[in-house]
Amino acid sequence: MLVGKNASGGIALGRALVLSPQEPTIEEGRALDVDREVRRYRTALEKSKAEISRLHGSVLEKLGADKAQIFEAHLLMIEDPELTDAIENSIRGEHLLATKAVKTAGDQFVSLFQAMDDEYLRERALDVQDVTQRVLRNLQGIESVDLTALTEETVLVAHDITPSQMATLSPKVTGIVTEIGGKTSHTAIMARTLDLPAVVGVKNAAGTIRTGDVVVVDGDHGKIFLNPSDADLRAHEKQREDLALQKKSLRALVGLPSVTRDHRTVHLEANIASPLDLQSVLHNDADGIGLFRTEFIYMDRTAAPSEEEQFQIYRSVVEKLGSKPTVIRTLDVGGDKHLPYLNIPHEENPFLGLRAIRYCLKHPEVFKPQLRALLRASVFGDLWVMFPMISGVDEVLAAKAVLEECRRELTAEGKPFRADLRIGIMIEIPSAALLADVLAAHVDFFSIGTTDLIQYVCAVDRMNEAIHDLYDPFHPAVLRLIRNVIAAGERAGITVAMCGEMASNSKLTGVLLGFGLTHFSMAPASILKIRKKIREASFSEAKVAAERVLALGTGREIEKSLS
Ligand code: PEP
Ligand code: MG
């Protein structure tokens, strides 16, 4: 059995597919038979074109035109005569071997694109990189795995899986195992959004597990069973069926209000990372979107998305949600979320460093296009804007000032936006939690980010496996702080939401309800489970129970009292 972090719940069974990070090697030396090298290149080119066309077709069919577009760009790029001529000319003229010729021409094109003023063209550098890697792999016979075209139930095993790979997964992928990452890493967050059982941070998983092994992923307990006995396999299958039945029975709650036995109504909203998640939001009957983590739309590219591109994305999301609210959080970069093109210098403690609003306030050239896009999209639905990693009043005032500047610009340009846009902040830094009563005077809503709040309150790095047992959502200090934030928001008459992981912890639903929390935001797949808890609960009883819990001195006692 292998052990890692329980990143996304559920049981997955399947044959392992291990994605090895096998890199093509570039052959140095002189081509003695240039015609042969050109033929090798042309064969690899044709194979690559066929692969891209196949990928295009299957992504188009399964995931829609939006996602398939990238492969159209790749096809244009790979056939571009400027690139193909450059490669063939360097084989013939300079006697380069095919791999060296492809790599050299590819690198030149990448630098050329990266130096362009036009943002769109700069982004094409990634496409060149992608297509030249594909040709290089084909030149060396390294099979590339088409994740959209799997035929049997598959557990994907890799060092890490990129957000773009996650976005093109075949429905045959039943589970995920990665070597790096924590419960709050991108892969984990995306897996929860896609409702795929996942265990992350499994040391040497890609070295231990072999392609073809039968694998069971227990996403609730962070365990992986390799080639289990028939009896064990049947037991896991039974567990999986039970979970599927439970899920099916939860479907009866679709369309029902999230209301306690004594008529307290709460809002159960969804956390998303991309417009692709909307299907799951609607399927699970969310009352809105409580957190759109916009940093994901900045990933896997060579430059930030333009104002126009962001406007289109935000507009499409709020339009799909109709009258339901959509809370869109501004860029939360830094910490474990790196965007190389933003050139954030190396930091010893990135979670305590230039992250989120701190970066944005120093970089209006990145912040303003996002705010302008959000303002412009606000007329198409019920859009709320939220600033992450606020530590005090000054940052709120500074962020609001930039927003005001954007409003003035848009007014001068005659572009419409909503005057009554709701502005809120994440409460995820202890200083903000302690100052909640003061901050409440400046914003329309709070959303408690418990994942960060716990790490900062308890001084436990959310990514550090060695101290994971100290990362405790039941810690009395964390619960007291949360209670105070909710009370401060209530006194000021503003909405208090929670969008961190605690909102989907069903053991804590009663306590949070008792503290007075009205808005819970979580991975879409958890919504119906929490709705069930809410409908079984009584608000007046929850209030009494929550006070009792606060009298206990340790997280362990609290957790025990709740199970
Ligand atoms: C949190 O910290 O709880 C949160 C919701 O933000 P993120 O996980 O994106 O840091
Ligand atoms: Mg956070």
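Rules of the game
Residues numbered from 1 in each chain as written. Chains lettered and ligands numbered in written order. Predicted model: local features only at pLDDT ≥ 70, side-chain atom pairs only at ≥ 80, totals over all residues. Heavy atoms only, no water. Pairing = 2+ DSSP bridges. Helix = DSSP H or I, 4+ residues; strand = E, 2+ residues; numbered from the N terminus. Axes fitted to C-alpha atoms, helices over the stretch in contact; angles between N-to-C directions. Contact = heavy atoms within 4.5 Å. Buried < 20%, exposed > 50% of the residue type's maximum accessible area, 1.4 Å probe, protein only. Parallel < 35°, antiparallel > 145°, perpendicular 65-115°, else oblique. Left-handed = near helix turned anticlockwise from the far one by under 90°. Nonpolar A, V, L, I, M, F, W, Y, C, P; charged D, E, K, R; others polar. Domains from an automatic or database assignment. 1 Å grid on protein atoms, 1.4 Å probe; cavity = no way out; pocket = protein on both sides within 12 Å on 5 of 7 lines; lining within 4 Å. Points joined across faces, edges and corners; volume = space filled by probe spheres on them. Near = heavy atom within 4 Å. Polar contact = N/O pair within 3.5 Å; in protein donor to acceptor, adjacent residues only side chain to side chain. Areas by Shrake-Rupley, 256 points an atom, 1.4 Å probe, with all protein chains shown as cover. Sits in = over half its atoms within 2 Å of the grid points. Core = buried A, V, L, I, M, F, W, Y, C linked by side-chain atoms within 4.5 Å.

**Topic: the sheet that holds strand S16 (residues 519–522)**
Then, in step 1: Overall, parallel pairing links the 8 strands, which are arranged S9-S10-S11-S12-S13-S14-S15-S16 in a closed barrel. The mean inter-strand angle of the sheet, taken between neighbouring strand axes irrespective of direction, is 25 degrees.
Then, in step 2: Looking at chain direction, strand S9 (residues 267–272) and strand S10 (residues 289–293) are connected through 3 bridges and run parallel. For Asn 271, the partnering residue across the bridge sits in S10 and is Leu 291.
Then, in step 3: Packed onto the sheet, helix H14 (residues 393–413) meets strand S12 (382–387) and strand S13 (422–427) and runs at close to 150 degrees relative to S13.

**Quick word on unusual backbone geometry**
Then, in step 1: Even without glycine at this site, His 95 takes up a positive phi of about 55 degrees.
Then, in step 2: Note that His 95 resides in the loop between helix H3 (81–94) and helix H4 (98–114).
Then, in step 3: We note that His 263 has phi near 70 degrees; this positive angle belongs to a residue other than glycine.
Then, in step 4: Overall, the relative accessible area of 67% leaves His 263 in the exposed class.

**What about the packing of H3 against H4?**
Each pair of packed helices gets described by two things: the angle between the helix axes and the distance between those axes.
Then, in step 1: Interaxial distance between H3 and H4 falls to 9 Å at its minimum, and their mutual angle equals 135 degrees. As the angle between them shows, H3 and H4 are arranged oblique. The two elements H3 and H4 meet at a crossing, and its hand is right-handed. Here Glu 82, Leu 83, Ala 86, Ile 87, Ser 90 and Ile 91 of H3 lie close against H4, whose contacting residues are Ala 98, Ala 101, Val 102, Ala 105, Gly 106 and Phe 109.
Then, in step 2: The class makeup of the residues in the contact of H3 with H4 is 9 nonpolar, 2 polar and 1 charged.

**Some remarks on the domain arrangement of the protein**
Then, in step 1: Here the domain parsing of the protein yields domain 1 (1–18 + 145–230), domain 2 (23–140) and domain 3 (254–562).
Then, in step 2: The straight-line distance from the C-alpha centre of domain 1 to that of domain 2 is 30 Å.

**Overview of the side chain of Ser 280**
Then, in step 1: Structurally, Ser 280 is set in helix H10 (residues 278–283).
Then, in step 2: On the basis of relative accessible area, Ser 280 is assigned to the buried category, the value being 18%.
Then, in step 3: Among residues more than four places away in sequence, those in contact with Ser 280 are Thr 193 and Pro 524.

**A word on the layout of surface pockets**
Then, in step 1: Of the voids in this model, the second largest pocket is the one considered here, and its volume is about 340 Å³.
Then, in step 2: The wall of the second largest pocket is formed by 18 residues, among which Gly 510, Val 511, Ala 542, Ala 545 and Leu 562 lie closest to the centre.
Then, in step 3: Secondary structure elements with two or more residues in the lining of the second largest pocket: helix H19 (509–515), helix H21 (539–550) and helix H22 (555–562).
Then, in step 4: Among the elements that take part in the lining of the second largest pocket, H21 stands out by supplying 6 residues, more than any other.

**Details of the environment of Ser 391**
Then, in step 1: Along the chain, Ser 391 falls in the loop between S12 and H14.
Then, in step 2: Note on Ser 391: relative accessible area 24%, which makes it partly exposed.
Then, in step 3: Distance from Ser 391 to Ala 466, taken between C-alpha atoms, is 27 Å for residues 75 residues apart in sequence.
Then, in step 4: In contact with Ser 391, other than residues within four places in its own chain, are Ile 429, Ser 431 and Ala 432.

**With respect to the sheet that holds strand S4 (residues 154–158)**
Then, in step 1: Within the open sheet, the 8 strands sit side by side as S1-S8-S7-S3-S4-S5-S6-S2. Their pairing is mixed. The sheet is open, and its two borders are formed by strand S1 (2–3) and strand S2 (5–8), each paired with just one other strand.
Then, in step 2: Across the face of the sheet, helix H9 (residues 230–250) comes into contact with strand S3 (11–19), strand S7 (214–218) and strand S8 (223–226) while running at roughly 115 degrees to S3.

**Concerning the site of ligand 1**
Then, in step 1: If you check the shell around ligand 1, you find 15 residues, and the closest are Arg 293, Arg 329, Gly 449, Thr 451 and Asp 452.
Then, in step 2: Take Arg 329: an N or O atom from its side chain is 2.7 Å from an oxygen atom of ligand 1.
Then, in step 3: The backbone of Thr 450 places a nitrogen or oxygen atom 3.1 Å from an oxygen atom of ligand 1.
Then, in step 4: Notes on ligand 1: free accessible area 290 Å², of which the protein chains cover 100%.
Then, in step 5: Structurally, ligand 1 is housed in the largest cavity.
Then, in step 6: Elements represented by at least two residues in the shell around ligand 1 include exactly S10 and helix H17 (450–458).
Then, in step 7: The dominant element in the shell around ligand 1, judged by the number of residues it contributes, is H17, at 3 residues.
Then, in step 8: Looking at the shell around ligand 1 residue by residue, the classes come out as 3 nonpolar, 4 polar and 8 charged.

**So, empty space enclosed by the protein**
Then, in step 1: Here the structure, examined in full by the defined rule, presents 4 cavities of 30 Å³ or more.
Then, in step 2: Here the largest cavity defines a volume of roughly 100 Å³.
Then, in step 3: Counting only elements with at least two residues in the lining of the largest cavity, the list comes to S10 and H17.
Then, in step 4: Broken down by element, the residue count for the lining of the largest cavity peaks at 3 residues, all from H17.
Then, in step 5: Split by residue class, the lining of the largest cavity holds 3 nonpolar, 4 polar and 8 charged.

**Concerning the nonpolar core**
Then, in step 1: Counting 116 residues, the largest nonpolar core has Phe 387, Phe 446 and Ile 482 as its most contacted members.
Then, in step 2: Each of domain 1 (1–18 + 145–230) and domain 3 (254–562) gives at least three residues to this core.
Then, in step 3: Among residues more than four places away in sequence, those in contact with Phe 387 are Thr 330, Ile 357, Phe 367, Leu 371, Ala 399, Lys 400, Ile 423, Gly 424, Ile 425 and Met 426.
Then, in step 4: Val 38, Val 59, Leu 96 and Leu 139 belong to the second largest nonpolar core, which has 31 residues in total.

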